[in-house]
Each structure stands twice: as structure tokens, then as C-alpha cells.
Amino acid sequence: MVKPVTKAVFPVAGLGTRFLPATKAMPKEMLPVVDKPLIQYAVEEAYAAGIEHMIFVTGRGKNLLEDHFDIAYELEAVLTSRGRDQDIAKLRDGFPKPGQLSYTRQQEPLGLGHAVWCAREFLGDDAFAVILPDDLIRAEPGCLSQMMDAYQKIGGNVVAVEDVPLENTNQYGILDVINDDGHLAEARGLVEKPAPENAPSTLSIIGRYILQPEVFDHLNKLETGAGNEIQLTDAIAKTIGNVPFHGLRFKGQRFDCGSKVGFVAANVTYAMERDDMSGRLKNVLENLV
């Protein structure tokens, strides 16, 4: 029987040093793509996929994330007095309802696996999703919705994947593939950030996971791997054989908003889809190039 997935973990404790000085006082997840922060895109994707409980794994200086998903009474009062009802709707539509958003702290930056482990008390024996807001995915339906559809058919652990250039395998978790129909790839293992000459394939995991609770049998050991961090991919790999493992090639476009170029590309792409911006922005871009 396939376990339902109604909970999602958002690891948002990172310092965002690649975006300094912008992230000196602001969480990197609050960086806006046009007029919406990265974390909101991630939460909206989760909601669309049927997620009911969001767990943010935060760190010091992340209070703005909590404030963003709270009600801003003073701001709403000003907007109401000015008749700006559409702006009020933007502040509430698609936001978690009371009791649907929980927070826990990752006191030390010990890796993605450790961040997920910090959320264990909220997850119990449930299957759950993991969403990395740095990976902004432009897709319809959303990437996690596509994964949910596949998961209902195959169960087990499912990750979103895409092919990367061979020289970049040392930046990703790479699948060791058994079968691949071009949509779903069944794997017998995975390797975290292998050198190109050691990579079993070029099929890389990106920031979307559906995982079974068995992953905690290994995360609970707090064993370190690549980069001397507790790697989520290592724990997933150790469940293979007992838990089916597949990578889904999602239909959509991924922007690596953990990089400056990816972040700028996302802003341009999303802005060009806006009727209120595309014409003027096109003129600006044409003058630049």
C-alpha cells in the first residue's frame, strides 16, 4: 500500500553566503523572483501537490520567514483604507492556515541529511516530501504534483532528476541507473558528488524528494559523508533494496536560484510572462544586447 504524503520539509537554515551582502540580514529564501520570495513559490508548489503540513527547518536570523507567513494587520489596514483589495489577496492567498506551518531549528550546519533529521519528530512514521526552495521549477502541473502522480503508481522513494553535463557531476547526487524509459529511471544506488570519471551516470537529483520513513533508520546514526556532512543521499542509498527508488524526469524548467546567474535568469523569465512587464522589459533587454 502506498503511504499518503501530506507533510513537507523545507530546509531553510543555510546562510546564503553566495548572495552577500544581500543576505547579511535577510534569509536567502526571501530573495524575490519579480515580486514573490523563493520560499513562497516553494510553499505554493507544495499546496498544489496536496501537502497539508509544512515544516521549516530554520536557523539563526530566519525570523523573516515566520513573519512572511503571518498576518500583517497594520499593512492590511492601510491597504484596506486605500481600497487595494487585490494586494490584500496577495498577502493571504495560498498561505498556510493556522496549524499548518511548524518550525524547528538546525543549530549547526551539518548537511541536508541533518536538516531533514531535525524534522523527525514532526514526521513520525509518515512518508514525506522535501523541497529545496533554491531550486525554482517552472512547471504546470508543478514538479511535486508530477512526482505525486508517479509515486501513487510506484511507491517507494522518488526524487526529481535531470541530466547534467558530465563535468558537473561533482556538484550533485548522481543515480546509478538500472532501467530508464526516458521518464522514470529505476536506480540501484546513488553517489553524492562523484568526480566525472567516477560518475555512474549524468542523471542528477535536484531539490525535490518523496521519501519513506525508513530513511531515518540511517539518518539517526548521524554518519557523515561527502564534505564531512550528513548526506541525505547516503541515507536514501542505504534503503535501496528494501525501498524502491526512482528518479522522475519532470516536465518543466529548473532555475538554480542558489547561483546568481540562475537567480537573474529566473527573474527575467518570470517577468517576461507578466502582461504588466513583458513589453517594457523586452525593450530594455533589446537595448542591452
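This is a predicted model, so every value here is computed, not measured.

Chemist: Would you mind going over the pattern of salt bridges with me for this structure?
Modeler: Close approach of charged atoms allows side chains of opposite charge to pair. One pass over the structure, following the stated rule, counts 17 salt bridges. Where Arg138 meets Glu273, a salt bridge forms, and the shortest distance between an N and an O atom there is 2.4 Å. Of this pair, Arg138 sits in strand S7 (residues 135-138) while Glu273 sits in the loop between helix H10 (260-272) and helix H11 (278-288), and the two are 135 residues apart along the sequence. A residue is classified by how much of its surface remains accessible, and Glu273, at 42% relative accessible area, is partly exposed. In this structure, the salt-bridge partner of Arg274 is Asp276, at a minimum N-O distance of 3.0 Å. Taken together, the shared-partner salt bridges connect Asp35, Arg274 and Asp276 into one network.

Chemist: I'm lost on the side chain of Arg208 in this one. Help?
Modeler: Take Arg208: it is sitting in strand S11 (residues 203-211). In terms of polar contacts, Arg208 uses its side chain to reach the backbone carbonyl oxygen of Leu132, at 3.2 Å. Reaching out from Arg208, the side chain makes a polar contact with the backbone oxygen of Asp135 at a distance of 2.7 Å. Apart from the residues lying within four places of it in its own chain, the contact partners of Arg208 are Glu45, Val130, Ile131, Leu132, Asp135, Ile137, Cys143, Met147, Val158, Val159 and Ala160.

Chemist: How do you make sense of unusual backbone geometry when you look at a structure like this?
Modeler: The omega angle of the peptide bond from Leu20 to Pro21 is 5°, so this bond is cis rather than trans. A cis amide bond, omega 0°, links Glu140 with the succeeding residue Pro141. By secondary structure assignment, the location of Pro141 is in the loop between S7 and helix H7 (143-154). Of note in this structure, Lys193 is not a glycine but carries a positive phi near 50°. Note that Lys193 resides in the loop between strand S10 (184-192) and S11. A positive phi angle is found at Leu222, which is not glycine, with a value near 55°.

Chemist: What should I look at first to understand the pairing of S11 in this one?
Modeler: Side chains on a regular strand alternate between the two faces of the sheet. Most of S11 is tucked away: nine of the nine residues are buried. When strand S6 (residues 127-131) meets S11, the two strands line up antiparallel, connected through four bridges. The residue bridging Phe128 from the neighbouring strand is Leu211, located in S11. Sheet topology places strand S8 (residues 157-163) next to S11; five bridges connect them, and they run antiparallel. Within the sheet, the bridge partner assigned to Glu162 lies in S11 and is Ser204.

Chemist: Explain the packing of helix H3 (residues 73-81) against helix H4 (residues 85-92) here, please?
Modeler: In a pair of packed helices, the angle between the axes and the distance between the axes together describe the arrangement. At a minimum axis separation of 8 Å, H3 and H4 run at an interaxial angle of 155°. Judged by the inter-axis angle, H3 sits roughly antiparallel to H4. On H4, the residues touching Leu75, Glu76, Leu79 and Thr80 of H3 are Asp87, Ile88, Leu91 and Arg92. Broken down by class, the residue content of the contact of H3 with H4 amounts to four nonpolar, one polar and three charged.

Chemist: What should I look at first to understand a nonpolar patch on the surface in this one?
Modeler: On the surface, a nonpolar cluster with roughly 360 Å² of combined accessible area is contributed by Val284, Leu288 and Val289. Take Val289: its relative accessible area is 88%, and that puts it in the exposed class.

Chemist: How should I be thinking about the nonpolar core in this particular structure?
Modeler: General note: in soluble globular proteins, nonpolar side chains tend to be found buried as a group. Formed by 34 residues in total, the largest nonpolar core has its most connected members in Phe10, Ile39, Ile51, Phe56 and Leu144. Here this core gets six residues from one element, more than from any other, and that element is H7. Each residue touching Phe10, except ones within four places of it in the same chain, is listed here: Ile39, Ala42, Val43, Ala46, Met54, Ile55, Phe56, Val57 and Ile131.

Chemist: Just checking my understanding: could you explain the pairing of strand S4 (residues 53-58) for this structure?
Modeler: S4 sits mainly inside the fold: six of its six residues count as buried. A two-sided burial pattern is seen for S4, the buried positions comprising His53, Ile55 and Val57 on one face and Met54, Phe56 and Thr58 on the other. For strand S1 (residues 5-11) and S4, the ladder comprises five bridges, and the chain directions are parallel. Paired with Phe10 across the strands is Phe56, a residue of S4. One ladder, built from five bridges, connects S4 with strand S5 (residues 101-105); its direction is parallel. Bridge pairing in S5 places Val57 opposite Thr104.

Chemist: I tried to follow the packing of H10 against H11 on my own but got confused; where do I start?
Modeler: Across the interface, H10 lies against H11 with an axial gap of 8 Å and an inter-helix angle of 135°. Judged by the angle between their axes, H10 and H11 are oblique. Along the contact surface, H10 presents Val268, Ala271 and Met272, while H11 presents Ser278, Leu281, Lys282 and Leu285. Class assignment for the residues of the contact of H10 with H11 results in five nonpolar, one polar and one charged.

Procedures and definitions
Residues numbered from 1 in each chain as written. Predicted model: local features only at pLDDT ≥ 70, side-chain atom pairs only at ≥ 80, totals over all residues. Heavy atoms only, no water. Salt bridge = Lys/Arg side-chain N within 4 Å of Asp/Glu carboxyl O. Helix = DSSP H or I, 4+ residues; strand = E, 2+ residues; numbered from the N terminus. Buried < 20%, exposed > 50% of the residue type's maximum accessible area, 1.4 Å probe, protein only. Polar contact = N/O pair within 3.5 Å; in protein donor to acceptor, adjacent residues only side chain to side chain. Contact = heavy atoms within 4.5 Å. Pairing = 2+ DSSP bridges. Axes fitted to C-alpha atoms, helices over the stretch in contact; angles between N-to-C directions. Parallel < 35°, antiparallel > 145°, perpendicular 65-115°, else oblique. Nonpolar A, V, L, I, M, F, W, Y, C, P; charged D, E, K, R; others polar. Patch = residues over 30% accessible without salt bridge, like charges linked within 9 Å, V, L, I, M, F, W, Y side chains within 5 Å. Areas by Shrake-Rupley, 256 points an atom, 1.4 Å probe, with all protein chains shown as cover. Core = buried A, V, L, I, M, F, W, Y, C linked by side-chain atoms within 4.5 Å.

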